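Fold and geometry: a report
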Amino acid sequence: MLTNVTVEDEGQIIRLAWADGASARFHAAWLRDNALDDRTRSPGNNQRLITVLDIPADTRIGEVSIAAGDLSLHFLPEDKTVRFPAGWLAAHVYDRDVRQQAGWTDETIHRWTRASMQNAIPRAGLAAAASHPSVLRDWLAAVHSYGFAVMDGLPAESGALLKVVDLFGYIRETNYGRWFEVRAEVNPNNLAYTNLGLQAHTDNPYRDPVPTLQVLACIENTVEGGESSVVDGFSVAAALQEEDPEGFRLLSSWPARFEYAGSAGVRLRSKRPMIELGPDGELIAIRFNNRSLAPVVDVPFDDMSAYYRAYRRFAELIEDPAFEVSFKLEAGQAFIVDNTRVMHARRAFSGSGKRWLQGCYADKDGLLSTLAALQENVKEAAE
């Protein structure tokens, strides 16, 4: 609930105070652009109905008042009155200290190591997730927070992995098809199709945009070895930054290049840093795939030696068992990874027995949309 409002800078700024002692400033132009009335926002989908050019350049705030704890503003020269709920304003405060160390992440992102996650792997059953919104909500929230999760109870049959994606979104089809087989082949065009171990990696860094989610489902697994493992790239990046800030800066400041040309008619290339930061320093993505790394040509000559030292140390930390969580998929189990954050690996397995997995890609927009809708339903029910 708002308790006080004052107008400053000749109507260009207002200062608000809430009952809990919090306070914040807002600009007139920002408030007008984000007005909640039905002539500014569509009631059906909340899409904006005006452009920034429809807002007078000399927009300012005239009269202000607090009614039932909410804010009422009168904009000039439009002669327009708009009401803002106190809770909405509190949720959209931007008057805060924005100075954060490079590599920061949102408070909903929880970094982990083997010590914290090996015995707490998030998981759910397919049937429960499909029939109980709360189970699905918690499972999707875990994928968002930790970057991976396991799902049990899939049919041990071809195409069953699509049932996982159907819970929240859509398949991202690639040159590999709607899904792809992961089992040993003769003369494979990808190392995933051998019985060799695979270094922890993110998939398809040579794509732009990269598939942001990957699902791997087990149909049959009777081999010795072949355990799956995951590594939190955000935790590894934080460890590198603490140990070698300059190395972190190099890997996040200069782009690497990735490419794939393993199939006729396919030439995929991208140019992105191994550690990607947003303009405000937020840690956005990890791209790490030794098999797909092309010659690095964008790093200045004088920085190349230090860049390779940082790359090597990053790889050493990724291989450190302290960051690895491992498990063996059984028939009817699947796991999902945030392919912009969590790397996955596989240990070598014997030539006897059978190991048949299928994989597919999807994107986080669908997962995050479904999660937000489920969380909103809970919030509305509570109110």
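The structure presented is a predicted model; accordingly, all values stated were derived computationally and were not measured.

Now for empty space enclosed by the protein. The full count for this structure, using the stated rule, is 1 cavity of 30 Å³ or more. Considering only enclosed or pocket space, the largest cavity measures out at about 40 Å³ in volume. Taken together, Leu154, Pro155, Glu157, Ala160, Leu161, Ala217, Cys218, Ile219, Gly332, Gln333 and Gln358 form the lining of the largest cavity. For the lining of the largest cavity, the leading source of residues is strand β11 (residues 213-221), giving 3 residues. Split by residue class, the lining of the largest cavity holds 7 nonpolar, 3 polar and 1 charged.

This part is about the nonpolar core. In terms of nonpolar packing, the biggest core is built from 53 residues, with Phe148, Val230, Leu251, Ile275, Ile286 and Phe314 touching the most fellow members. Setting aside residues up to four positions removed in sequence, leucine 251 forms contacts with Leu240, Pro273, Met274, Ile275, Tyr307, Ala310, Tyr311 and Phe314. If you look at the next biggest cluster of nonpolar residues, it comprises 28 residues, including Leu136, Leu161, Leu213 and Ala362.

The next subject is the layout of surface pockets. In this structure, the second largest pocket spans a volume of roughly 260 Å³. Every residue lining the second largest pocket is counted, 17 residues in all, and those nearest its centre are Ile109, His144, Phe234, Asp338 and Lys364. Listing elements by their share of the lining of the second largest pocket, those giving two or more residues are α5 (133-146), β16 (283-286) and α10 (364-382). Among the elements that make up the lining of the second largest pocket, the one with the highest residue count is α10 (3 residues). By residue class, the composition of the lining of the second largest pocket is 8 nonpolar, 4 polar and 5 charged.

Attention shifts here to the environment of alanine 57. Examined against the element boundaries, alanine 57 turns out to sit in the loop between α1 (28-33) and β4 (60-67). Here the alpha-carbon distance between alanine 57 and arginine 347, two residues 290 residues apart in the chain, equals 62 Å.

Turning our attention to unusual backbone geometry. Here leucine 76 and proline 77 are connected by a cis peptide whose omega angle stands at 5°. Note on placement: proline 77 falls in the loop between β5 (70-76) and β6 (80-84). Proline 209 follows aspartate 208 through a cis peptide bond whose omega is 5°. By the element assignment, proline 209 lies in the loop between β10 (198-201) and β11. The backbone of glutamate 10 sits at a positive phi, close to 55°, despite the residue not being glycine. The topology assignment puts glutamate 10 in the loop between β1 (2-8) and β2 (13-18). With a phi close to 60°, aspartate 79 is a non-glycine residue in the positive phi region. Assignment of secondary structure puts aspartate 79 in the loop between β5 and β6.

Cut-offs applied
- Residues numbered from 1 in each chain as written.
- Predicted model: local features only at pLDDT ≥ 70, side-chain atom pairs only at ≥ 80, totals over all residues.
- Heavy atoms only, no water.
- 1 Å grid on protein atoms, 1.4 Å probe; cavity = no way out; pocket = protein on both sides within 12 Å on 5 of 7 lines; lining within 4 Å.
- Points joined across faces, edges and corners; volume = space filled by probe spheres on them.
- Helix = DSSP H or I, 4+ residues; strand = E, 2+ residues; numbered from the N terminus.
- Nonpolar A, V, L, I, M, F, W, Y, C, P; charged D, E, K, R; others polar.
- Core = buried A, V, L, I, M, F, W, Y, C linked by side-chain atoms within 4.5 Å.
- Buried < 20%, exposed > 50% of the residue type's maximum accessible area, 1.4 Å probe, protein only.
- Contact = heavy atoms within 4.5 Å.

Purely spatial values, then, with no claim about function.
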